[in-house]
Amino acid sequence: MKWITAIIKPFTLDDVREALGEAGVQGMTVTEVKGFGRQRGHTELYRGAEYVVDFLPKLKIELAVSDEQVELAVEAITRAARTGKVGDGKIFVSELEQVIRIRTQEVDADAL
């Protein structure tokens, strides 16, 4: 089992959710986050004054998938979130040791 964490631009969420659904992924957690990478933020103008926006709004998507679903999920996220511009985001894949569904106490693949 794998734990996938993806940082994406907020406006790509609906496309990513739809693509993951088509790939067979059943659930995910989405969190609003702020951060920067190579973008290094940007400057904006507000009431005639220029100021720097250091942290940009992003979304963090987290999902647990079986080993068989990893490639499909990563491909779905990449295809749906990619604009070709700086700041499209990143995908992190890590090993997931154990999953337990609280309601039924199912474990591992059964709990996904």
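Notes on the structure in this doc start here. Counting from 1, residues in each chain are numbered in the order their sequence is written. Local features in this predicted model are restricted to residues of pLDDT 70 or higher, and side-chain atom pairs are both shown and tallied only at a pLDDT of 80 or more, whereas totals for entire chains, interfaces and linings draw on every residue. Just so you know, side-chain values use all the structure's heavy atoms and leave hydrogens and water out.

Bringing the pairing of strand 1 (residues 2-8) into the picture now. Bridging between strand 1 and strand 5 (residues 56-65) involves seven bridges; their strand directions are antiparallel. From the neighbouring strand, threonine 5 faces strand 5, where its bridge partner is glutamate 62. We call two strands paired when DSSP finds no fewer than two bridges between them. Put simply, DSSP marks the helices as runs of H or I at least four residues long and the strands as runs of E at least two long, and each gets a number from the N terminus on. Looking at chain direction, strand 1 and strand 6 (residues 89-95) are connected through seven bridges and run antiparallel. By the bridge assignment, alanine 6 is partnered in strand 6 with isoleucine 91.

Moving on to the packing of helix 1 (residues 13-22) against helix 2 (residues 70-81). The convention used is that axes are lines fitted to C-alpha atoms, helices contributing only their stretch in contact, and that angles between N-to-C directions extend from 0 to 180 degrees. Where helix 1 meets helix 2, the axes come as close as 8 Å, and the angle between the chain directions of the two elements is 150°. One element, helix 1, and the other, helix 2, form an angle in the roughly antiparallel class. Seen from above, helix 1 lies across helix 2 with right-handed handedness. Across from Asp15, Val16, Ala19 and Leu20 in helix 1, the residues of helix 2 making contact are Ala73, Ala76, Ile77, Arg79, Ala80 and Ala81. Here is the rule for angles: anything less than 35 degrees is roughly parallel, anything more than 145 is roughly antiparallel, 65 through 115 is roughly perpendicular, and the remaining ranges are oblique. Crossings are assigned a handedness: left-handed for a near helix turned anticlockwise from the far helix by less than a right angle, right-handed for a clockwise turn. The contact rule is simple, with two residues in contact once any of their heavy atoms fall within 4.5 Å.

So, on to the sheet that holds strand 1. One open sheet holds the four strands; their spatial order is 2-5-1-6, and the pairing between them is antiparallel. Each edge of the open sheet is held by one strand with a lone partner, namely strand 2 (29-35) and strand 6. Strand-to-strand twist in this sheet, taken as the mean axis angle between neighbours without regard to direction, amounts to 20°. Inspection of the sheet shows strand 2 paired to strand 5 by seven bridges, in the antiparallel sense. By the bridge assignment, glutamate 32 is partnered in strand 5 with leucine 59. The strands that helix 1 touches are strand 1, strand 2 and strand 5; relative to strand 5, the one it contacts most, it runs at about 10°. Across the sheet, helix 2 is in contact with strand 1, strand 5 and strand 6; its angle to strand 1 comes to roughly 5°.

Take the nonpolar core next. Residues belong to a common nonpolar core when they are buried Ala, Val, Leu, Ile, Met, Phe, Trp, Tyr or Cys residues joined through side-chain atoms within 4.5 Å. Here the term buried applies to any residue with accessible area under 20% of the maximum for its type, exposed to any over 50%, and partly exposed to those in between, with areas from a 1.4 Å probe on protein chains only. Membership of the largest hydrophobic core comes to 18 residues, with the highest contact counts inside it found for Ile8, Val16, Leu20, Leu63, Val65, Ala73 and Ile77. With six residues, the single largest contributor to this core is helix 2. Those residues in contact with isoleucine 8 that lie beyond four places of it in its chain are Leu13, Val16, Lys58, Leu59, Ile61, Ile77, Ala81 and Asp88.

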